[in-house]
Amino acid sequence: MEAVNTPLSDVDSVEEDQTADAGGDPTLGQVLLAVEELWPESLAEDWDEVGLVVGRPSVPVTKVLFAVDPTLAVIDEAVEWGADLLITHHPLLLKGVNSVAATSAKGLAVHRLIEAGTGLLTVHTNGDSAVGGVSDVLADAFGLENVTPLTPASNGLPEEGIGRVGDLPDLETLGDFAARVFEMLPAVAGGVRVAGDKDGLVRRVAVCGGAGDSLFDAVRASNADVYVTADMRHHPASEAREGATNGRPYLIDVSHFASEWLWLPAAADALGNVLADQGYDVEIRVSGTNSDPWDFILTPGGD
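To keep things clear, this report deals only with the structure shown in the data block. None of the values given here were measured: they were computed from a predicted structure.

1. Focus on the sheet that holds strand 6 (residues 161-173)
The strands that make up a sheet are held in pairs by hydrogen bonds between backbone atoms, and each pair lies either parallel or antiparallel.
Then, number 1: Ordered by their spatial adjacency, six strands build an open sheet running 5-6-8-9-10-7, and the pairing between neighbours is mixed. Each end of this open sheet is capped by a strand with a single partner; those strands are strand 5 (145-152) and strand 7 (193-195). Sheet twist, expressed as the mean angle between neighbouring strand axes with direction ignored, is 25°.
Then, number 2: Sheet topology places strand 6 next to strand 8 (residues 201-211); six bridges connect them, and they run antiparallel. Bridge pairing in strand 8 links Val 165 to Ala 206.

Okay, structure coming up:
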């Protein structure tokens, strides 16, 4: 893919013109409007950094790649495919920086994107909270009914917020449900960890894609039998187990990457549908790069 070169003298006039002909290629600015329709920035948590990181709103977009993480391997995949825009769930620059020199991994990522003419857009906690977001996709994958947010959004619809809780159509044992969770998620080294009675019955399920051990108060208030989330730390998990009522909520700890990867195909379809409704035909693909940071795990074995 050739880099997009815009003479400095033309910047003002080009940036103001974000109009594309219907049926042609949308500009990055028009893709941003479609993204805002699906995952409004107003739904992002106060601490989060979402939105456009790299890119000119005036450039045309023909290829979009979705991924969980803006790692160098993912960026290489986007550039090699010829993507004009990379949309990732996790931010590249969540904390403030005073340099993007290519001597650091993040600086190198910024340089690689700019030099290739590939934009970078972050859809993080706004993608968690929105209807059809990360936790909604998990809830749908597990077959939950009567789904509501664990923590409703302060700036959104009643059905928007972080996490979801709902009911399985039928009672399942914790062991059987955990096995279903394992089978549905992408294969990663860490697998799935479970705390609770393997033969205990579960029906009400709370879920949160990504790190969710800060939501235990909401999980308990929801009367969930089991809570599925990622990155459970020792102390919050231990305290949740100690304070459990009749052993509940049981805990299922999954890979952070895997829990959020499930959203990518749904997000790609949603964006494609919005753009198609506007008369645009953009090629959208989900990254094939596994950005889970772990390579293998040692266990004592046994059943």
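2. Observations concerning the packing of aromatic side chains
Then, number 1: All chains considered together, the criterion is met by five aromatic pairs.
Then, number 2: Their ring planes at 75° and their centres at 6.3 Å tell us that Trp 39 and Phe 66 sit as a pair that is edge-to-face. You can see Trp 39 sitting in the loop between helix 2 (28-38) and strand 1 (51-54) and its partner Phe 66 sitting in strand 2 (residues 63-67), a full 27 residues away along the chain. Like Phe 66, Trp 39 is buried.
Then, number 3: Ring centres of Trp 39 and Trp 263 lie 5.5 Å apart, and the angle between their planes is 70°; this geometry places the pair in the edge-to-face category.

3. Quick look at the sheet that holds strand 1
Then, number 1: As summarised here, the arrangement of the five strands in space is 1-4-3-2-11, forming an open sheet in which the pairing is mixed. The sheet terminates laterally at strand 1 and strand 11 (283-286), the two strands that pair on one side only. Strand after strand, the sheet turns through a mean of 25° between neighbouring axes, direction not considered.
Then, number 2: Pairing geometry for strand 2 and strand 3 (residues 85-88), over four bridges, is parallel. Residue Ala 67 lies in a different strand from strand 3, and its bridge partner there is Thr 88.

Conventions used here
- Residues numbered from 1 in each chain as written.
- Predicted model: local features only at pLDDT ≥ 70, side-chain atom pairs only at ≥ 80, totals over all residues.
- Heavy atoms only, no water.
- Pairing = 2+ DSSP bridges.
- Helix = DSSP H or I, 4+ residues; strand = E, 2+ residues; numbered from the N terminus.
- Axes fitted to C-alpha atoms, helices over the stretch in contact; angles between N-to-C directions.
- Phe/Tyr/Trp six-rings, centres within 6.5 Å; stacked < 30°, edge-to-face > 60°.
- Buried < 20%, exposed > 50% of the residue type's maximum accessible area, 1.4 Å probe, protein only.

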